Amino acid sequence: MVETRIIDGKGFAEALRKRVASEVTAFHAATGVTPGLAVVLVGEDPASSVYVRNKGKQTVEAGMASIEHKLPASTTQAELLALIATLNGEKEVHGILVQLPLPGHIDAQKVLATIDPAKDVDGFHVVNAGRLAVGLDALVPCTPLGCVMLLKHHLGSLAGAKAVVVGRSNIVGKPIAQLLLREDCTVTIAHSRTRDLPAECRQADILIAAVGRPEMVRGDWIKPGATVIDVGINRVPGTDGRSRLVGDVAFAEAQGVAGLITPVPGGVGPMTIACLLQNTLTAARRQVGM
């Protein structure tokens, strides 16, 4: 049996938010500029509404300007694109985030492509994805950025580690693979078509689970002593009739096998908004030439 240590993403995110707030104060003192984050919400998806509210609260707590645009679900694609074009041109807006998912009649890819890459604090624009892929400075998707921060905090240098990323989404899987390559890891991206997925996972010193399937990664898929980063957030029925949150990793099975593991909730999730705040500050610095 391995003694499994739990990675406290909530605590790390709180410290990161405090550090960003301190840097925002220094930035404003040096430039007179207050970093501004514009968040656009289309429709009234309950989970998205809660997420946007939390983003706004934490943005203000960090000393930044929170600019919210809440649009009805009936908003047309043309109206949304016009709003983004306006935000692209507003000097007080340094970061733009369009909350996903969007209503079915709106082409999300076209919307994301309309955001000025310099203000794309979600890191989803093809320009930022391309810059990340070729090793240039880029605004990086928040969840992958947070995962790598947690890894480096607990492991130090990642050079030479064998990393397996389960999931190939543009939001998590692909960008985290690029970030791990930057850290000199040997990276494998696995997915639903991978032959003998458990065997691939067992080779990993660092295992990233980002597939969106509750508890898919079993305990016997994990190399003893490996570090496991569970990106999944899945709601499943609980024994008391109420739903509960679980990750993509069978957490109870992983304990005693993994050396380090992020819990769900309280692991990767809190890092996402903290990294969004950092991206907004980074974008503001670059826009004023710092």
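Residues numbered from 1 in each chain as written. Predicted model: local features only at pLDDT ≥ 70, side-chain atom pairs only at ≥ 80, totals over all residues. Heavy atoms only, no water.

(A) Structural view of the sheet that holds strand β11 (residues 260-261). In space, the six strands of this open sheet follow the order β1-β11-β8-β7-β5-β6, with parallel pairing throughout. Each edge of the open sheet is held by one strand with a lone partner, namely β1 (5-6) and β6 (186-190). With two bridges connecting them, strand β8 (residues 227-230) and β11 associate as parallel partners. Bridging across to β11, Thr227 finds its partner in Leu260. Helix α6 (residues 142-155) contacts β7 (206-209), β8 and β11 of the sheet and is inclined by roughly 155° relative to β8. (Pairing = 2+ DSSP bridges. Helix = DSSP H or I, 4+ residues; strand = E, 2+ residues; numbered from the N terminus. Contact = heavy atoms within 4.5 Å. Axes fitted to C-alpha atoms, helices over the stretch in contact; angles between N-to-C directions.)

(B) Fine view of the packing of α6 against helix α7 (residues 173-182). Where α6 meets α7, the closest approach of the two axes is 9 Å, and the angle between their N-to-C directions is 35°. Every pair of crossing elements has a handedness; the one defined by α6 and α7 is right-handed. Mapping the contact onto sequence places Pro144, Leu145, Cys147, Val148 and Leu151 in α6 and Pro175, Ile176, Leu179 and Leu180 in α7. Taken together, the residues of the contact of α6 with α7 break down into nine nonpolar, no polar and no charged. (Left-handed = near helix turned anticlockwise from the far one by under 90°. Nonpolar A, V, L, I, M, F, W, Y, C, P; charged D, E, K, R; others polar.)

(C) Quick look at the nonpolar core. Formed by 51 residues in total, the largest nonpolar core has its most connected members in Leu180, Ile206, Ile208, Ile229 and Met271. Looking at this core, the elements with two or more residues in it are α1 (9-31), β2 (36-42), α6, β5 (162-166), α7, β7 and α10 (269-287). Top element by residues in this core is α10. It accounts for eight residues. Setting aside residues no more than four positions away along its own chain, Ile208 makes contact with Leu151, Val164, Val165, Val166, Ile176, Leu180, Ile229 and Val231. Listed in part, the 19 residues of the second largest apolar core include Val164, Ala204, Ile222 and Val257. (Core = buried A, V, L, I, M, F, W, Y, C linked by side-chain atoms within 4.5 Å. Buried < 20%, exposed > 50% of the residue type's maximum accessible area, 1.4 Å probe, protein only.)

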